[in-house]
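Chain by chain, the residues run as shown.
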Amino acid sequence: MSPVLRTIVLLTLSNVFMTFAWYAHLKELNQKPWIVAALVSWGIALFEYLLQVPANRIGYTVMTLPQLKILQEVITLTVFVPFVMLYMRQPLKLDYLWAALCMMGAVYFVFRK
């Protein structure tokens, strides 16, 4: 598997953990004290970092840091939109399309030679 593909797979998995760590407590732990939500989120985030750190190290061997960051943001949006719709049960908005188009522009400018 190429370094870019390994980076994408690891960052995608990392983002799944990150999204749950950052936002799932709004649905699942909203009646608990904030410290409980913070500790649970922190535990979930450990798995995010166990995937994200190697992903960034692998990606940095073949990409610049700005390229790696924009890739991360595109993956974040790709993971976040289904999370919002499927897990948090919020409606799909046309604004997500506009955000995706802006991210595509960012990818173009950062990855062009």
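Please read all numbers here as calculations on a predicted model, not as lab measurements.

Quick notes on the rules
Residues numbered from 1 in each chain as written. Predicted model: local features only at pLDDT ≥ 70, side-chain atom pairs only at ≥ 80, totals over all residues. Heavy atoms only, no water. Helix = DSSP H or I, 4+ residues; strand = E, 2+ residues; numbered from the N terminus. Buried < 20%, exposed > 50% of the residue type's maximum accessible area, 1.4 Å probe, protein only. Areas by Shrake-Rupley, 256 points an atom, 1.4 Å probe, with all protein chains shown as cover. Lys, Arg positive; Asp, Glu negative; His and termini not counted. Charge placed at Lys NZ, Arg CZ, Asp CG, Glu CD. Core = buried A, V, L, I, M, F, W, Y, C linked by side-chain atoms within 4.5 Å. Contact = heavy atoms within 4.5 Å.

Asks: Give me the lowdown on the overall build of the protein, citing residues and values where you can.
Replies: If you tally the helices and strands in the protein, you get 4 helices and 0 strands. Taking the principal axes of the C-alpha coordinates as reference, the protein spans close to 50 × 35 × 20 Å. Out of the 113 residues belonging to the protein, those deemed buried represent 29%. Summed over its atoms, the accessible surface of the protein is roughly 7,700 Å², and 73% of this surface lies on carbon and sulfur atoms. Between the centroid of the 9 positive side chains of the protein and the centroid of its 4 negative side chains there is a distance of 7 Å.

Asks: Describe the nonpolar core, with residues and values.
Replies: Among soluble globular proteins, nonpolar side chains are generally buried collectively. Leu-10, Leu-11, Leu-51, Ala-55, Ile-58, Met-63, Leu-68, Leu-71, Ile-75 and Val-79 form the largest nonpolar core, which has 10 residues in total. Listed by contribution, the elements that provide at least two residues to this core are helix 1 (3-28), helix 2 (34-59) and helix 3 (65-87). The element that contributes the greatest number of residues to this core is helix 3, accounting for 4 residues. With near-sequence residues (within four places) excluded, Leu-11 lies in contact with Gln-52, Ala-55, Asn-56, Leu-68, Leu-71, Gln-72 and Ile-75.

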